[in-house]
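Here is how the chains run, residue by residue.
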Amino acid sequence: MASLVADIALRHGELDLAVTLRCPPGITCVMGRSGSGKSTVLNVLAGLTTPDRGTITLGDEVWFDRAKAVDIPVHHRRLAYVFQGLALFPHMSAIQNVMYGMVEKSPAKAQALLDRVGVGPLARRRPRTFSGGEAQRVALARALARAPKLVLLDEPFSALDRELRAQLVALVKELAVELAVPVVHVTHSLAEARLLADHVIQLDRGRVIADGAPRDVLVSDAE
Amino acid sequence: MVLSVVLGTGFALLLAWKRLPLPDLFQALVSTPLVLPPTVLGFYLLTLLGPHSLVGRAYHAVFGGDIIFTFKAAVIAATVGSIPLVVGAVKIGLDAVEPNMVAAARTLGASPGRVLATVTLPLAAPGIIAGAMLGFARALGDYGMTQMVASQRFDGFGIHNESPASIFVMNEMVALREDSARNMAIATTVLGVVLLILANRLTRRLRRG
């Protein structure tokens, strides 16, 4: 099973980012205060932001290597990215959103994915009619439809109430086990990290200040 | 209208492109039809498209006719005059597209062309429609430039029913057909006002988000 290894450096506005991340298959929670560089890290991994130097590899695949002028374009990196605002396409129905990223478009597979995350009846409806939790589930189904080798989640549950968040946390945990790929989950919620994480990386002002198992990093954080 | 929308959308996309060299100069060039006298624009078009120009000679060699003083020249004049308005409205439409939508499409494996066709342009559609309406309304009102590059055909002796509204009204007045001129003037005014109301509504909706 392929691990993600990223050794990246970037100056972006006030942020001076220089981090080395090792994310094995399973859920890696990246934590830190606002401005610590969490979302920038996800954008760099996705290829939406180009680092000034460094390398990004996923197993044997080199996605970025500044020294060798390798930079695989975003649309050729087989990943799924659930944005903080979800970014569901408002002019498409739920099933069209899910099919958008499929290599082979299959309405039956898309419907099965929507059923899998519990929003099958929404297939023909557009995002403006979804509740917060329904939109999250459609966004997760869209991410899964790509059969990704890497999943990036940018605080996808931040706007949800506690009960809904607990349901979706359980769903993400289940999906991560099924996919068996690295899932990088950005959050600032300790409770969410405790429930989800197999591995925790803590950032502060663009640097990794803790990296390890949740029981070690989250305990030391509490102290 | 189709020509102004295609060109206007293309120019608006170029202006929205972050790596466009000399964006201020490009913006100024696109906007010049708003500030230059129509006779100056007509002069440029005559120089660029006239029978002795490079374009005019090439057109004659390929199609065996002239551009200037034909209906094609009237279309080109109307397009040039309407471009700044179309570009402005389309730009508002493009600015209203959330960057995350584009980023999400890219992470879902869409090439830049597919992102443009399936996400950016559909989400900017209200701006493009508003641009088309404004461009058409502007073309209705064009007189000076059209008179300079297309008037010979429309002088009351040519195929007068195909002439742009502004020249039609002028020709009817000169021919003392006041009723016909009045009817065209009223029809043009009503159409122009309706198009402007629709375009303003669409633009306002885009600005509200």
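Provided above is the structure to which this section pertains.
So, how was this worked out
- Residues numbered from 1 in each chain as written.
- Chains lettered and ligands numbered in written order.
- Predicted model: local features only at pLDDT ≥ 70, side-chain atom pairs only at ≥ 80, totals over all residues.
- Helix = DSSP H or I, 4+ residues; strand = E, 2+ residues; numbered from the N terminus.
- Pairing = 2+ DSSP bridges.
- Contact = placed C-beta atoms within 7 Å.
- Axes fitted to C-alpha atoms, helices over the stretch in contact; angles between N-to-C directions.
- Buried ≥ 20, exposed ≤ 12 C-beta atoms within 10 Å, placed from the backbone.
- Arc of directions from axis to C-beta.
- Parallel < 35°, antiparallel > 145°, perpendicular 65-115°, else oblique.
- Left-handed = near helix turned anticlockwise from the far one by under 90°.
- Nonpolar A, V, L, I, M, F, W, Y, C, P; charged D, E, K, R; others polar.

**Focus on the environment of Leu25 of chain B**
Structurally, Leu25 of chain B is set in helix H2 (residues 23-35). For Leu25 of chain B and Ile67 of chain B, which are 42 residues apart along the polypeptide, the C-alpha to C-alpha distance reads 29 Å.

**Some details on the sheet that holds strand E5 (residues 61-65) of chain A**
Residues and elements named next belong to chain A. Strand order in the open sheet made by the five strands is E2-E1-E4-E5-E6, with antiparallel pairing throughout. Single-partner strands in this sheet number two, and they are strand E2 (15-23) and strand E6 (70-71). The pairing of strand E4 (residues 53-58) with E5 spans four bridges and is antiparallel. Following the sheet pairing, Ile56 is matched in E5 by Phe64. Against the sheet, helix H1 (residues 38-46) touches strand E1 (4-12), E2 and E4, its axis set at about 115° to E1.

**A word on the pairing of strand E10 (residues 199-204) of chain A**
All names here are of chain A. Among the six residues of E10, five are classified as buried, and the element is accordingly described as predominantly covered. Of the strand pairs in this sheet, E10 and strand E11 (residues 207-212) are connected by five bridges, and their pairing is antiparallel. Looking at E11, one finds that Gln202 is bridged to Ala210. Linking two consecutive strands that pair antiparallel, namely E10 and E11, is a turn of two residues; a positive phi of about 45° is found at Arg205 within it.

**Quick look at helix H3 (residues 107-116) of chain A**
One turn of an α-helix holds 3.6 residues; hence residues three or four places apart share an orientation. Residues and elements named next belong to chain A. For H3, the full list of buried residues reads Ala110, Leu113 and Leu114. Along the axis of H3, the buried positions cluster into a sector of 100°, meaning they face one direction only. On its buried face, H3 is in contact with helix H2 (94-100) and helix H4 (132-144). Phi turns positive one or two residues past the end of H3, at Gly118, with a value near 85°.

**Remarks on H1 of chain A**
Residues and elements named next belong to chain A. Among the nine residues of H1, eight are classified as buried, and the element is accordingly described as predominantly covered. Every buried residue of H1 is accounted for by Lys38, Thr40, Val41, Leu42, Asn43, Val44, Leu45 and Ala46. Gly47 lies just past H1 and shows a positive phi near 95°.

**Quick word on the packing of helix H1 (residues 2-16) of chain B against helix H8 (residues 125-141) of chain B**
Residue and element names in this part refer to chain B. Their axes nearest at 9 Å, the elements H1 and H8 cross at an angle of 130°. In terms of orientation, H1 and H8 fall into the oblique class. Our pair here, H1 against H8, has a crossing hand that is right-handed. Together, Ser4, Val5, Gly8 and Thr9 of H1 and Ile128, Gly131, Ala132 and Gly135 of H8 make up the contact between the two elements. Here the residues of the contact of H1 with H8 sort into three nonpolar, five polar and no charged.

These figures capture arrangement, not role.
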